[in-house]
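# Structural overview
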Amino acid sequence: MCGIVGYTGPKEAYPIVITGLKRLEYRGYDSTGVALLDNGLKVYKKKGRVSELEQTIFGKDLHSHCGIGHTRWATHGEPSDRNAHPHVSASGKLAMIHNGIIENYAQLKQELTNKGYTFTSETDTEVLLNFIEDIRENNQCDLEEAVRVALKRVTGAYVILLLDTDNPDTIIAARKGSPLVIGVGNGEHFLGSDASPMLEYTKDVVYVNDYELAIVKPDELILKNLGNEKITPFITKLDIELAAIEKGGYDHFMLKEIFEQPSTIHDCLRGRLDADAGTITMSGIQNNIEHFKEANRIIMVACGTSWHAALLAEYIIEELCRIPVEVEYASEFRYRNPVINKGDIIVAISQSGETADTLVAIERAKENGAIIFGIVNVVGSSIARISDGGAYTHAGPEIGVASTKAFTGQLAVLTMMALKIAKEKKTISEERYRKLLLELEAVPEKVDAILKNAGDVKKIAEKYKSAGDALFLGRGYNFPIALEGALKLKEISYIHAEGYPAAEMKHGPIALVDENLPVIFIATQDSYHEKIVSNIQEIKARKGKVIAVITEGDDIIPGMADDVFYVPPADEIIAPMLSTIPLQLLSYYVGIAKGVDVDKPRNLAKSVTVE
Ligand code: F6R
């Protein structure tokens, strides 16, 4: 949440910063601002999107070789011009941007107010900035030292970038809990919440760790810990091309990412799954195989869509591996005093690898001696780095705020993981194992076939765009898909939607059913099929509108449902990866029909780096 960008070097800073902000806008879009150093500070900021700021400051003096920029997801203080970052210190010498939350800001603010400071915004950022400035002035120290002293007093999460009129080519940066990547160019440096702002300039990046401070000049990058000891920067080579973060001819990133799934699922399976040889190669699992075989329990920790992937994994792992699985909301798990026993494995699932609740949850579990296995999409992200082992989903950059291709990537990894452990534990027959490998291998082709019928989904979406509420119902392996379908619809179309286990409907939600309520059943051919057909009858008997995701060849449900989406036949463990696709398309097309900015729906941000 909140995107930060910085540049220092021989090029003009503004075009790099503003382009970087557009790429990071998925992290928050309440307000935007830039600060440029050139014979003093030039600060431009505004409520709204990056493009709005760009238009407003067109033609102004933007010349500078050192600048920072911020795109905000509001925490302290409403979205407004005055709460927009960068903030400028009382003396006018320092400008700062911040991603995170300073939890003890009220106390610091009181201390500063007692000394006579006044504030122009309601933000915690302006407090921290003046706290740093106050230390610099009182201790007669340089900015670097003042930042170090200040951060020792701060509780919370932050990435901060600071400009100082006394050092016009230097950016001081520090991180704890929020991401910071520094791109190393030839006589220039780039800073970003992720690597997207620097992709066309350099592939050499340094991922800054918690409690590290960076002094960034055009031709020098000094990393230190808060004890003022130097740390050798570890340079990693990026493996992302610019095209991966562009729309590639699609109207929206969300649509592009939905349509990329045949290839992203293929990329996830490639090099791992060999159905002919009957093997799954996953070094992260292999290196920890004894732990998995002996595990008393697996605890899955995640948020949002990633939590839905975890829930489906619970069904699959318990069925195939006979290991008890618990699925935890990271935000609850971290504040409980969970019982973690020797032999428990924590699996953290996250697209961004930066979700604050998931990150802190696994840090706590790690402190208690748990083994952490990370299933992450963003390479080099914080969760990936603190995990003891793991597997990347290889879905490529996901920019649409609603998670789509990362979800199917997570399902592919989790299914392979379950199959590999089951094979090692001998809890699966050779015949079923081989069949599931073949089924998994066929998923990209089947997803492709579903996407060819996207036009049908679009027509159905038009019919239901005015609904005020919707129910999503599924049983067994399709229950997590019902939850995911409901989440997608509410975030992308602002229609209130609930997911339920289909049989649970009778215990309350059925009271909502009338002739206006669309009820979306995920009812593919599986061992629950007859049961869910009965649930459909129960809805029809109450005049609800039934939309069903069904398997091609189903000749029962089309006679009862108002609308159907077909998916190709698949084993019931694999089918959820298919049935989720029409629901992604449904939410996309309903959102478009309602005029929602589907890539940046209101109030949301990707990469939730605040609690
Ligand atoms: C929903 C969505 C969110 C994320 C959640 C966790 O479409 O994108 O619910 O799934 O914020 O994010 P990650 O997976 O990055 O930890």
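Structural notes, computed from the coordinates.

Cut-offs used in this document
Residues numbered from 1 in each chain as written. Predicted model: local features only at pLDDT ≥ 70, side-chain atom pairs only at ≥ 80, totals over all residues. Heavy atoms only, no water. Helix = DSSP H or I, 4+ residues; strand = E, 2+ residues; numbered from the N terminus. Contact = heavy atoms within 4.5 Å. Areas by Shrake-Rupley, 256 points an atom, 1.4 Å probe, with all protein chains shown as cover. Lys, Arg positive; Asp, Glu negative; His and termini not counted. Charge placed at Lys NZ, Arg CZ, Asp CG, Glu CD. Axes fitted to C-alpha atoms, helices over the stretch in contact; angles between N-to-C directions. Parallel < 35°, antiparallel > 145°, perpendicular 65-115°, else oblique. Left-handed = near helix turned anticlockwise from the far one by under 90°. Nonpolar A, V, L, I, M, F, W, Y, C, P; charged D, E, K, R; others polar. Expected span 1.5 Å × (residues − 1). Buried < 20%, exposed > 50% of the residue type's maximum accessible area, 1.4 Å probe, protein only. Near = heavy atom within 4 Å. Polar contact = N/O pair within 3.5 Å; in protein donor to acceptor, adjacent residues only side chain to side chain. Salt bridge = Lys/Arg side-chain N within 4 Å of Asp/Glu carboxyl O. Pairing = 2+ DSSP bridges.

Looking only at helices and strands, the protein has 20 helices and 27 strands in total. Summarising its shape, the C-alpha atoms of the protein cover approximately 80 × 55 × 45 Å along the three principal directions. A sequence separation of at least 24 residues applies to 71% of the contacts in the protein between residues at least 6 apart. Carbon and sulfur atoms form 49% of the exposed surface of the protein, whose accessible area is close to 22900 Å². Where the 66 positive side-chain charges of the protein centre and where its 85 negative ones centre are 1 Å apart.

Put simply, helix α14 (residues 405–425) and helix α15 (residues 430–441) touch, their axes get as near as 11 Å, and they point 160° apart. Comparing the axis directions of α14 and α15 gives the class roughly antiparallel. Between α14 and α15 lies a crossing of left-handed hand. On α15, the residues touching T415, M416, L419 and K423 of α14 are E430, Y433, L436, L437 and L440. Looking at the contact of α14 with α15 residue by residue, the class counts come to six nonpolar, one polar and two charged.

In a regular helix each residue adds 1.5 Å, so 21 residues correspond to 30 Å; α14 covers 30 Å between its end C-alpha atoms and thus fits that length. Of all the 21 residues making up α14, 18 are buried; the element is thus mostly covered by neighbouring parts of the structure. K426 sits one or two residues past α14 and shows a positive phi near 60°.

On to the site of the ligand, then. By nearness alone, 15 residues border the ligand, and S306, S350, S352, T355 and E491 come closest of all. Residue V401 places a main-chain N or O atom 3.4 Å away from an oxygen atom belonging to the ligand. Relative to its unbound accessible surface of 400 Å², the ligand loses 88% to contact with the protein. Breaking the shell around the ligand down by element, the ones donating at least two residues are α10 (304–321) and α18 (479–493). Taken together, the residues that form the shell around the ligand break down as five nonpolar, eight polar and two charged.

Once that is clear, we can look at the pattern of salt bridges. Applying the stated criterion across every chain yields a total of 40 salt bridges. Between E25 and K600 there is a salt bridge, and its shortest N-O distance comes to 3.6 Å. On the criterion of sequence distance, the pair formed by E25 in the loop between α1 (13–24) and β2 (31–37) and K600 in the segment after α20 (575–593) is long-range, its members being 575 residues apart. As far as burial versus exposure is concerned, E25 and K600 are alike and both buried. The partner of R136 in a salt bridge is D164, with the nearest N and O atoms 2.8 Å apart. Residue R136 is found in helix α4 (residues 124–139), and its partner D164 is found in strand β7 (residues 156–164); the two are separated by 28 residues along the sequence. Because the salt bridges share partners, they merge into one network encompassing R432, K435, E439, K446 and D571.

Moving on, we get to the sheet that holds strand β10 (residues 189–192). Pairing in this open sheet of eight strands is antiparallel, and the strands run β3-β2-β4-β1-β10-β9-β11-β15 from one edge to the other. This sheet does not close on itself; its edge strands, each paired only once, are β3 (41–47) and β15 (235–237). Sheet twist, expressed as the average angle between the axes of neighbouring strands with direction ignored, equals 20°. Two elements, β2 and strand β4 (residues 66–72), share seven bridges in a ladder whose sense is antiparallel. Within the sheet, the bridge partner assigned to A35 lies in β4 and is I68. Set on the sheet, α1 makes contact with β1 (3–8), β2, β4 and β10; between it and β1 the angle comes to about 160°. In the packing of helix α2 (residues 50–57) onto the sheet, contacts are made with β2 and β3, and the angle to β3 comes to roughly 130°.

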